[in-house]
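Here is what each chain is made of, one letter per residue.
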Amino acid sequence: MDEIIDRLRKVRKGAMFIIEAPSGTGKGTVIKELLKSDSNIKFSVSVTTREPRDCEVEGVDYYFVTDQQYDEFLKQDAFYEYVDSQYGSRYGTLRSEVDSFINVGQDVLFDMDWAGARQMKEKAGSDVVTIYLLPPSIKELRNRLEGRKTDSKEVIEKRMGIILDKVSHWDEFDYVIVNVSLHETVTKIQKIISGERMKRVRQVGLKGFVRELIKEAEEIS
């Protein structure tokens, strides 16, 4: 039985899990916990033209590129999706980064805004699963932004100023979770991932397995 399960797992089609949230909701922490708990989920490292923060590592958090390099990627049609941030920076998801995982049955986790998620849905259809995280309150959101001490007051005010636009796209997502407790939020997303992995469209190895079952049933009938 274990041999059968292992064989089916190896030919499973990977899924793309997109997580979006207003800045300060705790999205980054949630993503880190998900990656720690599941070795079959790989993080899609996006390209960005913004400067790295002190805690960020090249090739782990983002691929940091110049505007000229970014423009070259656009010319080569190298992006799965791309978007201009409200903060002036540009972001893009490399096709090669995603395909290298999906094609071998591994799932990919994306930190992506609603515009990017919309592009991914249009291009990849049912391969994409979108999850939106909401803060418990706007007051708590500001407290979290100020508490993490990574942004200036001007940047915090700018982030607060676009919350309405960000939250207004919540109903475009497949799943919506209010992030009150980190543990509860991570557990809920783990359940979503487990359920999505079991969908028939992702278990591409089932066709061959079912053919074998039918052949065996015909031989004994």
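Residues numbered from 1 in each chain as written. Predicted model: local features only at pLDDT ≥ 70, side-chain atom pairs only at ≥ 80, totals over all residues. Heavy atoms only, no water.

(A) Representation of the pattern of salt bridges. Per the counting criterion, the structure on display carries 15 salt bridges. The partner of arginine 50 in a salt bridge is glutamate 56, with the nearest N and O atoms 2.7 Å apart. In this structure, arginine 50 and glutamate 56 share a single accessibility class: buried. Note that glutamate 172 is salt-bridged to arginine 118, the shortest N-O span being 2.7 Å. Note that glutamate 172 is positioned in the loop between helix H8 (163-167) and strand E9 (175-178) and arginine 118 in helix H5 (residues 114-124), a separation of 54 residues in sequence. A residue is classified by how much of its surface remains accessible, and arginine 118, at 37% relative accessible area, is partly exposed. Here the salt bridges do not stand alone but share partners, grouping Glu20, Lys27, Asp111 and Lys166 into one network. (Salt bridge = Lys/Arg side-chain N within 4 Å of Asp/Glu carboxyl O. Buried < 20%, exposed > 50% of the residue type's maximum accessible area, 1.4 Å probe, protein only. Helix = DSSP H or I, 4+ residues; strand = E, 2+ residues; numbered from the N terminus.)

(B) Local environment of the environment of glutamate 154. By secondary structure assignment, the location of glutamate 154 is in helix H7 (residues 153-161). Residues glutamate 154 and aspartate 165, spaced eleven residues apart in sequence, show a C-alpha to C-alpha distance of 18 Å.

(C) Quick peek at the packing of aromatic side chains. For the coordinates displayed, the defined rule picks out six aromatic pairs. Summarising the aromatic geometry, the rings of tyrosine 70 and phenylalanine 79 are spaced 5.0 Å apart at their centres and angled 40° between planes, so their arrangement reads as tilted. Across the pair, exposure class does not vary: tyrosine 70 and phenylalanine 79 are buried alike. Joined through ring pairs, the aromatic side chains of Tyr70, Phe73, Phe79 and Tyr82 make up one cluster. The ring of tyrosine 80 carries the charged tip of arginine 95 above its face, separated from the ring centre by 5.7 Å. (Phe/Tyr/Trp six-rings, centres within 6.5 Å; stacked < 30°, edge-to-face > 60°. Lys NZ or Arg CZ within 6 Å of the ring centre and 35° of its normal.)

(D) How the structure looks around the pairing of strand E7 (residues 107-111). Summarising burial for E7: four of the five residues are buried, a large majority. As defined by bridge partners, strand E1 (residues 16-20) adjoins E7 across four bridges and the pair is classed as parallel. Across the sheet, residue phenylalanine 17 finds its bridge partner in E7, namely leucine 109. Relative to E7, strand E2 (residues 41-43) runs parallel, the two being bridged by three bridges. Residue pairing for E7: lysine 42 is matched across the bridge by valine 108. (Pairing = 2+ DSSP bridges.)

(E) Highlighting the nonpolar core. Grouped together as the largest cluster of nonpolar side chains are 22 residues, with contacts concentrated most on Met16, Ile18, Tyr80, Val98, Phe110, Met120 and Val128. Mapped onto this core, the elements with two or more residues apiece are E1, strand E4 (62-64), strand E5 (79-84), helix H4 (95-102), E7, H5 and strand E8 (128-134). Here the element with the most residues in this core is H5; it accounts for five residues. Excluding residues within four positions of it along the chain, valine 98 makes contact with Met16, Ser44, Tyr80, Thr93, Val108 and Phe110. The next biggest cluster of nonpolar side chains, apart from the first, holds 19 residues, and it includes Ala21, Leu34, Val129 and Val186. (Core = buried A, V, L, I, M, F, W, Y, C linked by side-chain atoms within 4.5 Å. Contact = heavy atoms within 4.5 Å.)

(F) Quick peek at the side chain of threonine 48. Note that threonine 48 resides in strand E3 (residues 46-48). Here the side chain of threonine 48 touches arginine 90 through a polar contact of 3.3 Å, landing on its backbone oxygen. When near neighbours in sequence (up to four residues on either side) are disregarded, threonine 48 contacts Tyr62, Tyr63, Phe64, Val65, Ser89, Arg90 and Tyr91. (Polar contact = N/O pair within 3.5 Å; in protein donor to acceptor, adjacent residues only side chain to side chain.)

By themselves these figures say nothing about function.
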